[in-house]
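Structural features, examined
Each chain is listed here by its residues.
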Amino acid sequence: MTLESLPGSSGYLDLFPERRMSYFSNPYVLGLTVIAGIGGLLFGYDTGVISGALLYIKDDFEVVNQSSFLQETIVSMALVGAIIGAASGGWINDAYGRKKATLLADVVFTAGAIVMAVAPDPYVLILGRLLVGLGVGIASVTAPVYIAEASPSEVRGGLVSTNVLMITGGQFLSYLVNLAFTEVQGTWRWMLGVSAVPAVIQFFLMLCLPESPRWLFMKNEKAKAIAVLSNIYDISRLEDEVDHLSTALEEERQKKRIVRYLDIFKTKEIRLAFLAGAGLQAFQQFTGINTVMYYSPTIVQMAGFSSNQLALLLSLIVAAMNAAGTIAGIYLIDHVGRKNLALSSLLGVIASLVILAGSFFAQTSDSSNGIYGWLAVIGLAMYIAFFSPGMGPVPWTVNSEIYPEQYRGICGGMSATVNWISNLIVAQTFLTIAEAVGTGSTFLILAGIAVLAVVFVIVFVPETKGLTFVEVEQIWKERAWGSGYNTESLLEQGNES
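Summary of the structure given here. Here the structure is a predicted model, which is why all the values come from computation and not from measurement.

The next thing to look at is the overall build of the protein chain. Broken down by element type, the protein chain carries 24 helices and zero strands. The burial tally for the protein chain puts 61% of its 497 residues in the buried class. Counting contacts in the protein chain only where the partners sit at least 6 residues apart, residues at least 24 apart contribute 82% of the total. For the protein chain, the exposed surface amounts to about 18,200 Å²; the carbon and sulfur share of it is 67%.

Laid out in structure tokens, this is it:
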């Protein structure tokens, strides 16, 4: 079977255009995507809710109000948990399956939400944040892989990006919840505690969903895998997909050895793929997205708007733009392509960060002019408008499709860990750096990092739009060994070394 005739490849779909699927053509796949994407909703809600809750936590606990370090720790302890969750989540996915990993994430997240809601002091609150982070970390690895493995290749980008839409939708929901509870007694406790609700809902819905068909094949449960695939493809394409999957996984099984973390760096193709995937995840954070999402109410207050309610309302508008931009990204990622979308997104991010920096520099020299505060808010909105369709979904989509089957869990977990470590560094240092060098200079630093990100994407990230997993694997072989390289399993080189 040639690459051009593989089910889902562009050549195959040109031969059989009637077998091509669209985003909305299969309600089963879309439903599976949305339910799995609730993990993204939890991710986004936790990211957004703490920014508003922190305003009221400072009012309740004077020790928090007096310490920027303690504020940063409350925010970033969830990221510490997420790092641990993501690092272990890849192994959990490969050993126990995508479904059980999701159920575990829901249980841990719910426990953390309850602990946060009843926390009698900042230190118990920090413990709750750690538990929530563990759940979010596992979910951040699991949801993109689960969706990608159940998706037809021609709409895989859009479906995986739906998980990112759920993240941005969760952020938007968190700001709505923040506004709803501003006048309620126990404000921040309600804000943090209600996050258990979507986790409980996902737990029970996931009990009704199947395991990933590719994981079932890998575990020799072919009958169950075919039953799942029969809900995804019509009969004319089902047979081709099953034959292709059986052949590909049998080849991998024959050559398979136990995959260890060091194997990723010993095999050149995997090393290149991981560099591209992990680099995208790092640049997603170091270009400042969660600085904007975590601290947008604080940034709005820095810009001169002192009211908590007004700060939250303006942040809600920013979150709404984030969700709207992600919807655009779902369409664009399978039409414009991953690489072009990332590059255009980064160029807009650079311009937006320069505007943000300029507004804070100008306000420092002329604090009496309120126009600079509004310019900062416009810069925030522009940043989200450019970031959300591109650098929001692209890193997660690319990481869900660039690794071979037996490396997908472990590499996805490691790249997600890179994302969370980068996230932690940004969250733990933003306020401190802003106090040391000024907010304007901090945004200029982020703009400089975004310039480096443009260079990285041009040099290291290939275009994977519409490609099958086998075709993507071939890209890394050619990059590692040249275009004349024989397309045998990419594990052979690793086995010989």
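This paragraph deals with helix 8 (residues 156–180). An ideal rise of 1.5 Å per residue puts 36 Å on 25 residues; helix 8 measures up with 36 Å between its terminal C-alpha atoms. Where burial is concerned, most of helix 8 is hidden: 18 out of the 25 residues are buried.

Glancing now at a nonpolar patch on the surface. Among the surface-exposed residues, Leu275, Val455, Ile458, Val459 and Phe460 lie close enough to one another that they form a single nonpolar patch of about 420 Å² accessible area. Top element by residues in the nonpolar patch is helix 22 (residues 439–460). It accounts for four residues. Tracing the chain through its elements places leucine 275 in helix 15 (residues 268–286). On the basis of relative accessibility, which here comes to 36%, the residue leucine 275 falls in the partly exposed class.

With that out of the way, let us pick up the pattern of salt bridges. Considering all chains together, one arrives at eleven salt bridges under this definition. The residue aspartate 46 makes a salt bridge to arginine 129 at a minimum N-O spacing of 2.6 Å. Remark: arginine 129 occurs in helix 7 (residues 122–149) and aspartate 46 occurs in helix 3 (residues 38–60); sequence separation between them is 83 residues. Of the two residues, aspartate 46 and arginine 129, both sit in the buried class. The salt bridge involving arginine 98 is made with aspartate 94; its shortest N-O contact spans 3.4 Å. Taken together, the salt bridges that share partners define one network made up of Asp94, Arg98, Glu149 and Arg408.

On to unusual backbone geometry. Here the phi dihedral of asparagine 220 falls at roughly 65°; this positive angle occurs in a residue that is not glycine. On the secondary structure map, asparagine 220 appears in the loop between helix 11 (213–218) and helix 12 (222–229). Judged by relative accessible area, which is 59%, asparagine 220 ranks as exposed.

Calculation criteria
- Position labels on residues start from 1 in each chain and follow its written sequence.
- Confidence filtering applies because this is a predicted model: local features only for residues at pLDDT of at least 70, side-chain atom pairs given and counted only at 80 or more, and all residues used for totals across whole chains, interfaces and linings.
- Think of the side-chain values as coming from all heavy atoms in the structure, minus any hydrogens and water.
- Put simply, DSSP H or I for four residues or longer makes a helix, DSSP E for two residues or longer makes a strand, and each gets a number counted from the N terminus.
- Each residue is placed in one exposure class: buried if its accessible area under a 1.4 Å probe, protein chains only, is under 20% of its type's maximum, exposed if it is over 50%, and partly exposed if it falls in between.
- By definition in these notes, contact holds between two residues if any of their heavy atoms fall within 4.5 Å.
- All accessibility values rest on the Shrake-Rupley procedure with a 1.4 Å probe; residue burial counts only the protein chains present in the view.
- In a helix, the anticipated span is given by 1.5 Å times the number of residues less one.
- Surface patches are drawn from residues lacking salt bridges whose relative accessible area is over 30%; two like charges belong together within 9 Å, two nonpolar side chains (Val, Leu, Ile, Met, Phe, Trp, Tyr) within 5 Å.
- Just to be clear on terms, a salt bridge is a Lys or Arg side-chain nitrogen sitting within 4 Å of an Asp or Glu carboxyl oxygen.

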